[in-house]
Amino acid sequence: MATSDPVDAARRRIDAARRVVVLTGAGISTESGIPDFRGPQGVWTRNPAAEKQSTIQNYLAEPEVRKAAWRSRLDSPAWSAEPNAGHRALVALERRGILHALVTQNIDELHQRAGSSPDLVVEVHGSMRRVMCWECGRRAPMEEALARVRAGEDDPHCLACGGILKSDTISFGQALVPEVIDRAMTAAAEADLLLAVGTTLQVQPVASMVPIAARAGAQIVIVNDQPTAMDSIADVVLRSKIGPALAALCGGVAR
Ligand SMILES: [Zn+2]
């Protein structure tokens, strides 16, 4: 029966889907206390100089920028953040056997910590819980590098080759990883439902997952507390907090 309740409309579509692809943005992590960058209270909105400092060119060229980056990494609220009801709801979706891929713009690994299978998580902007060497490409746990900072090194370098270490994330001015983006786009084309969560869908190329999925015939469900660039092509838009909305949508509750 037709209904005007968007939660019900979205849930019925998810219950009918076999290959759900989820795209998550900063909005799901802010509900775990991780600040976003471009939102109204975002780090860069309030301090534009911080955005400039975070470019890869500045990071590689200026030891003082790296030292400041390591100090701020030590204090990041993300280390103590816990997954919330939204992350847990996506684990429930996976357990129903209908989650095809979980593409995230977030770098906090909260999906994996909630219990999402690492094989299904596509991190388009990398992970802050790893470091990578700009010289030799070696990756290692961030915690090892942070321990060296706590022990007194202000700009730890690669133990293998002496190269500059940075978090294994995509900085401003740094290219996305083509294989990772390909995987996200392929998943979008294979979806029969695309669920976009906590993103205003303004950042390309990831935002184009939505029209790619729509052209392939997928249902489009958007959950975000602000308007998004793709609302006009969505089948259902929920303008609400993410945790409660996903809990209502993903559990396969009898109706
Ligand atoms: Zn190295």
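Right above here is the structure, for reference.
Now for a look at the structure at hand.

Here is what the cut-offs are and how they apply
Residues numbered from 1 in each chain as written. Predicted model: local features only at pLDDT ≥ 70, side-chain atom pairs only at ≥ 80, totals over all residues. Heavy atoms only, no water. Helix = DSSP H or I, 4+ residues; strand = E, 2+ residues; numbered from the N terminus. Contact = heavy atoms within 4.5 Å. Donors = N, O, S within 2.8 Å, 3.2 Å for Na, K, Ca; no water. Tetrahedral: all angles 85-135°; square planar, octahedral: opposite > 155°, others 65-115°. Buried < 20%, exposed > 50% of the residue type's maximum accessible area, 1.4 Å probe, protein only. Pairing = 2+ DSSP bridges. Axes fitted to C-alpha atoms, helices over the stretch in contact; angles between N-to-C directions. Polar contact = N/O pair within 3.5 Å; in protein donor to acceptor, adjacent residues only side chain to side chain. Salt bridge = Lys/Arg side-chain N within 4 Å of Asp/Glu carboxyl O. Core = buried A, V, L, I, M, F, W, Y, C linked by side-chain atoms within 4.5 Å. Right-handed = clockwise from strand over helix to strand, strands pointing away.

Before going further, it helps to examine the overall build of the protein chain. The number of helices and strands found in the protein chain is twelve helices and nine strands. With the C-alpha coordinates of the protein chain rotated into their principal frame, the extents come out at 65 × 35 × 30 Å. Summarising the internal contacts of the protein chain: among those between residues at least 6 apart in sequence, 65% fall at separations of at least 24.

Moving on, we get to the coordination of the zinc ion. Under ideal tetrahedral coordination, the four donors around a metal are separated by 109.5 degrees; under ideal octahedral coordination, the six donors are separated by 90 or 180 degrees. The protein atoms donating to the zinc ion are Cys133 (SG), Cys136 (SG), Cys158 (SG) and Cys161 (SG), with metal-donor distances spanning 2.2 to 2.4 Å. One can describe the donor arrangement at the zinc ion as tetrahedral, given that its four donor atoms subtend angles of 98 to 116° at the metal. Sequence positions of the donors to the zinc ion reduce to the motif C-x2-C-x21-C-x2-C. Note that Cys133 is positioned in strand β4 (residues 126-133) and Cys158 in the loop between α9 (142-150) and β6 (165-169), a separation of 25 residues in sequence. Across the pair, Cys158 and Cys133 agree in class, each one buried.

Another point: the sheet that holds β4. Overall, antiparallel pairing links the three strands, which are arranged β5-β4-β6 in an open sheet. The open sheet terminates on both sides in strands that have one partner only, identified here as β5 (139-141) and β6. Mean inter-strand twist for the sheet, computed between neighbouring axes without regard to direction, equals 45°. Sheet analysis places β4 next to β5, joined by three bridges and oriented antiparallel.

The subject of this paragraph is the side chain of His125. For His125, the position within the fold is in the loop between β3 (121-123) and β4. One polar contact links the side chain of His125 to the main-chain carbonyl oxygen of Gln105, over a distance of 3.2 Å. Not counting residues within four places of it along the chain, the set of residues in contact with His125 comprises Thr104, Gln105, Ile107, Asp168, Thr169, Ile170 and Leu176.

Another aspect to go through is the pattern of salt bridges. Applying the stated rule across the entire model yields twelve salt bridges. A salt bridge links Asp155 to Arg66, with the shortest nitrogen-to-oxygen separation between them at 2.9 Å. In this pair, Asp155 is assigned in the loop between α9 and β6 and Arg66 in helix α6 (residues 63-74), connecting sequence segments 89 residues apart. The same class applies to Asp155 and to Arg66, which are both buried. Note that Asp168 is salt-bridged to Arg130, the shortest N-O span being 2.8 Å. Remark: Arg130 occurs in strand β4 and Asp168 occurs in strand β6; sequence separation between them is 38 residues. Judged by its relative accessible area of 26%, Arg130 is partly exposed. Linked by salt bridges that have partners in common, Glu123, Arg130, Arg139 and Asp168 make up one network.

Within the largest apolar cluster, 27 residues are counted, with the highest numbers of intra-cluster contacts made by Val22, Leu90, Leu93, Leu195, Leu246 and Leu249. Those elements giving two or more residues to this core turn out to be α1 (6-16), β1 (20-24), α7 (85-95), β2 (99-104), β7 (193-197), β8 (219-223), β9 (236-238) and α12 (242-250). Of all the elements, α12 adds the most residues to this core, at five residues. When near neighbours in sequence (up to four residues on either side) are disregarded, Leu93 contacts Ile14, Val20, Val22, Ile98, Leu99 and Cys250. Within the second largest apolar cluster, 25 residues are counted, among which are Val21, Ala101, Ala191 and Ala207.

The next thing to look at is the pairing of β8. Within β8, four of the five residues are buried, which leaves the element mostly enclosed by the surrounding structure. Following the chain from β7 across helix α11 (residues 209-215) to the adjacent parallel β8, one finds a crossover that is right-handed.

Read from one edge of the open sheet, six strands run β3-β2-β1-β7-β8-β9, paired in parallel fashion. Strands at the two margins of the open sheet, each flanked by one partner only, are β3 and β9. In this sheet, adjacent strand axes meet at a mean angle of 15° when their direction is disregarded. Relative to the sheet, α1 contacts β7, β8 and β9, its axis offset from that of β9 by approximately 125°.

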